[in-house]
Structures are given as structure tokens and as C-alpha cells.
Amino acid sequence: MRIEFAELSWIDEGESCSLSELAERSGLAESAICELIEIGAIVQIEPAAESPVFGARALHAARTASRLQRDFELDVRGVALALALLERVTQAEAELAELRARMPR
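Cut-off values and rules
Residues numbered from 1 in each chain as written. Predicted model: local features only at pLDDT ≥ 70, side-chain atom pairs only at ≥ 80, totals over all residues. Heavy atoms only, no water. Helix = DSSP H or I, 4+ residues; strand = E, 2+ residues; numbered from the N terminus. Buried < 20%, exposed > 50% of the residue type's maximum accessible area, 1.4 Å probe, protein only. Lys, Arg positive; Asp, Glu negative; His and termini not counted. Charge placed at Lys NZ, Arg CZ, Asp CG, Glu CD. 1 Å grid on protein atoms, 1.4 Å probe; cavity = no way out; pocket = protein on both sides within 12 Å on 5 of 7 lines; lining within 4 Å. Points joined across faces, edges and corners; volume = space filled by probe spheres on them. Nonpolar A, V, L, I, M, F, W, Y, C, P; charged D, E, K, R; others polar. Core = buried A, V, L, I, M, F, W, Y, C linked by side-chain atoms within 4.5 Å. Polar contact = N/O pair within 3.5 Å; in protein donor to acceptor, adjacent residues only side chain to side chain. Contact = heavy atoms within 4.5 Å.

Colleague: Even after reading the chapter, I still don't get the overall build of the protein, so can you show me in this structure?
Modeller: Helix and strand content of the protein: four helices and two strands. In terms of its C-alpha atoms, the protein occupies a principal-axis envelope of roughly 50 × 50 × 25 Å. Burial statistics for the protein: of 105 residues in total, 29% are counted as buried. Treating the 11 positive side-chain charges of the protein as one cloud and the 19 negative ones as another, the clouds have centres 10 Å apart.

Colleague: How should the layout of surface pockets be read in this particular structure?
Modeller: With a probe scaled to a water molecule rolled over the atoms, the places where space remains empty come into view. Of the volumes computed, that of the largest pocket is approximately 560 Å³. Around the largest pocket, the lining comprises 20 residues; the ones closest to its centre are Ala41, Arg57, His60, Ala61 and Glu87. If you list the elements that add at least two residues to the lining of the largest pocket, you get α3 (56–72) and α4 (76–102). Residues belonging to the lining of the largest pocket are distributed by class as follows: twelve nonpolar, five polar and three charged.

Colleague: I'm lost on the nonpolar core in this one. Help?
Modeller: Burial of nonpolar side chains together is a common tendency in soluble globular proteins. The biggest cluster of nonpolar side chains holds 22 residues, and the ones touching the most others in it are Leu22, Leu28, Ile33, Leu36, Ile42 and Phe54. Those elements that place two or more of their residues in this core are α1 (19–26), α2 (30–39), α3 and α4. Ranked by the residues each element gives to this core, the list is headed by α3, at six residues.

Colleague: Sorry if this is basic, but what is going on with the side chain of serine 66 here?
Modeller: Residue placement: serine 66 occurs in helix α3. Serine 66 gets classed as buried once you look at its relative accessible area, which sits at 8%. Polar contacts involving the side chain of serine 66 include one to the main-chain carbonyl oxygen of serine 26, which spans 3.0 Å. With residues up to four places along the chain from it excluded, the contact list for serine 66 reads Ser26, Gly27 and Leu28.

As far as function goes, none of this settles anything; it's purely spatial.
Printed below as a string of C-alpha cells:
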């Protein structure tokens, strides 16, 4: 029997973190995060700031990117594509749920 432990950290929508904190919390290298920012897969809260500031959405994207990279051995561009597709699926599911809620039973 194999037991795995995971660390849980919570970030509120209003909280923010730096690039080094994002790297530490997600398990991605800072260089990979910077590449994902350039591609547009991870979005900064204050892009014009001297040091990048990230919010909850960026942390979620970085953690997902880390799992994709680890589990499927994807490069940064593959991770960015997978993140974009996952976002589109999430949006489509939300739209479908909204349409179903409007339908008469």
C-alpha cells in the first residue's frame, strides 16, 4: 500500500503572490512560469508592476500546468495549449449549465 501526502494551501481571490511564491506553491520553475506568461497562459494582476503580482487564477493555472507537465511530460507550449483547451471546456460547461437552468422542465 502506498500513501502519498499532499500539502494544501488556500489563496483568496483578493490575495496576491509574487513570482517566487507562485513557483513555490505550484511546483513550476520560475522560467517556465515566465514562458507561460509570455504565451498568455498565466495572467498577472499588475502586468506593468516592477515585480510580477499574481492572483488566485494564476495560481490555479500554474498548479494545473505543473500537473500537466509532470503527468504527461509536456513542454511549455504543450502545457499552454492544454490550459487553453481546459479553459474552453470549463466555459462550455458553464454555458451548458446556464442553458439547462433556463429550460422548462
